[in-house]
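Residue strings, one per chain:
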Amino acid sequence: MIKTIFIVGPTASGKTKASIEIAKIFGGEIISADSMQIYKGIHVASAAPDEDEKQGIPHHLIEFLELNEEFSVADYVKLAREKIKEINSRGKLPVIVGGTGLYISSLLDNIEFTEHDVDQDLRSELEAKFDALGGEEMLRELSSFDPDSANRLHPNNRRRIIRAFEVYFQTGKTITEQNILSKQNKSEIEPLIIGINFTDRQKLYDRINLRVDLMINNGLLDEAKSTYNMRNNKGAFQAIGHKELYDYFDGNLNLEQAIENLKMQTRRYAKRQLTWFKRVENVKWFCPDSEDYLDNIIATCEQFLKEE
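A brief look at the structure comes next.

**A short note on the pairing of strand β5 (residues 189-196)**
Turning to step 1, where the next piece is worked out: Within β5, 6 of the 8 residues are buried, leaving the element largely enclosed by the surrounding structure.
Turning to step 2, where the next piece is worked out: In this sheet, β5 lies alongside strand β1 (residues 2-8) in parallel orientation, the contact comprising 7 bridges. If you follow F6 over to β5, its bridge partner there is I193.
Turning to step 3, where the next piece is worked out: Note: β5 against strand β6 (residues 283-286), 4 bridges, orientation parallel. By the bridge assignment, I194 is partnered in β6 with K284.

**Details of the sheet that holds β6**
Turning to step 1, where the next piece is worked out: Ordered by their spatial adjacency, 6 strands build an open sheet running β3-β2-β4-β1-β5-β6, and the pairing between neighbours is parallel. Bordering the open sheet on either side are β3 (59-60) and β6, each of which pairs with just one other strand.
Turning to step 2, where the next piece is worked out: Relative to strand β4 (residues 93-98), helix α1 (residues 15-26) is tilted by about 175°, and along the sheet it contacts β1, β2 (28-32), β3, β4 and β5.

**Points about the pattern of salt bridges**
Turning to step 1, where the next piece is worked out: Throughout the structure, instances matching the rule amount to 18 salt bridges.
Turning to step 2, where the next piece is worked out: The partner of E190 in a salt bridge is K3, and the shortest N-O contact between them spans 3.2 Å. Residue E190 is located in strand β5, and its partner K3 is located in strand β1; the two are separated by 187 residues in the primary sequence.
Turning to step 3, where the next piece is worked out: Residue E190 is classed as partly exposed on the basis of its relative accessible area of 25%.
Turning to step 4, where the next piece is worked out: The class for K3 is buried, based on a relative accessible area of 17%.
Turning to step 5, where the next piece is worked out: A salt bridge links E86 to R90, with the nearest nitrogen and oxygen atoms 3.0 Å apart.
Turning to step 6, where the next piece is worked out: For E86, a relative accessible area of 31% puts it in the partly exposed group.

**A short note on the packing of α1 against helix α15 (residues 293-306)**
Turning to step 1, where the next piece is worked out: Interhelical geometry of α1 versus α15 gives an angle of 45° and a closest axis separation of 11 Å. By the angle class used here, α1 and α15 are oblique. For the element pair α1 and α15, the recorded crossing hand is right-handed. Only Y293, L294, I297, I298, C301, E302 and L305 of α15 make contact with α1, whose side of the interface consists of K17, A18, E21, I22, I25 and F26.
Turning to step 2, where the next piece is worked out: A per-class count over the contact of α1 with α15 returns 10 nonpolar, no polar and 3 charged.

Rules and cut-offs
- Residues numbered from 1 in each chain as written.
- Predicted model: local features only at pLDDT ≥ 70, side-chain atom pairs only at ≥ 80, totals over all residues.
- Heavy atoms only, no water.
- Buried < 20%, exposed > 50% of the residue type's maximum accessible area, 1.4 Å probe, protein only.
- Helix = DSSP H or I, 4+ residues; strand = E, 2+ residues; numbered from the N terminus.
- Pairing = 2+ DSSP bridges.
- Contact = heavy atoms within 4.5 Å.
- Axes fitted to C-alpha atoms, helices over the stretch in contact; angles between N-to-C directions.
- Salt bridge = Lys/Arg side-chain N within 4 Å of Asp/Glu carboxyl O.
- Parallel < 35°, antiparallel > 145°, perpendicular 65-115°, else oblique.
- Left-handed = near helix turned anticlockwise from the far one by under 90°.
- Nonpolar A, V, L, I, M, F, W, Y, C, P; charged D, E, K, R; others polar.

Have a look at this one:
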């Protein structure tokens, strides 16, 4: 079993700082579990750590994909498992940090993803159907044969909704059924899951609002302009961060309205993250406002690593 520390929680809660402290103290290397930080060209929007923030700690699965490249949870789990084994083989501690719940849960639950050749005709048909009916109607239809996936997925998550239909039509089994079967396989990971969140939700929202303001000051507008003409519904363009500013470039909103919309969408995303992580078992929660917050996290990690 490979002892692995997971740092989870909503955006702007302080996961990056905590993970780097843990990695420095215990000889760790960090594996990102953030579905935005995997992409190049959106450094500001994704809040990916820069070289100063990394403090010399190796980071993996950060800024390695082009913006329009699609990347599935199956891709993530495969690469993350490889990195965990690689880091462990060097005598280092794997530290998984991020807020993408599906990545985290699939890794923790040891989900085995069945590979299927893409039926391009079926995919094109489903894409056209989604564009005609919208996410809400597609989820209603999905709920007739896979209610668990329909309840879990967001109406805007076009790619994963379409994938849920594809898997069922191609295999006769839902993604949910396949996940249940795959969980029966024994995991090589022994996890400690550290959750970071504020007891006062408004403090988290204030941090999110401040982060967006700092992003604007750090060049988010110019970064979004650089992606404006290449935007589509694939890869990074589905994520929060740039698309909210496209309405400003299109003249649909003034800049103040676009920034406020970005803050609102980010707060909503944080709420969804918290809902997801509250369902994950065995999370040890810590509040950044509490006294000796980081010391308590470090002590918990130390105890975990001492246990046989």
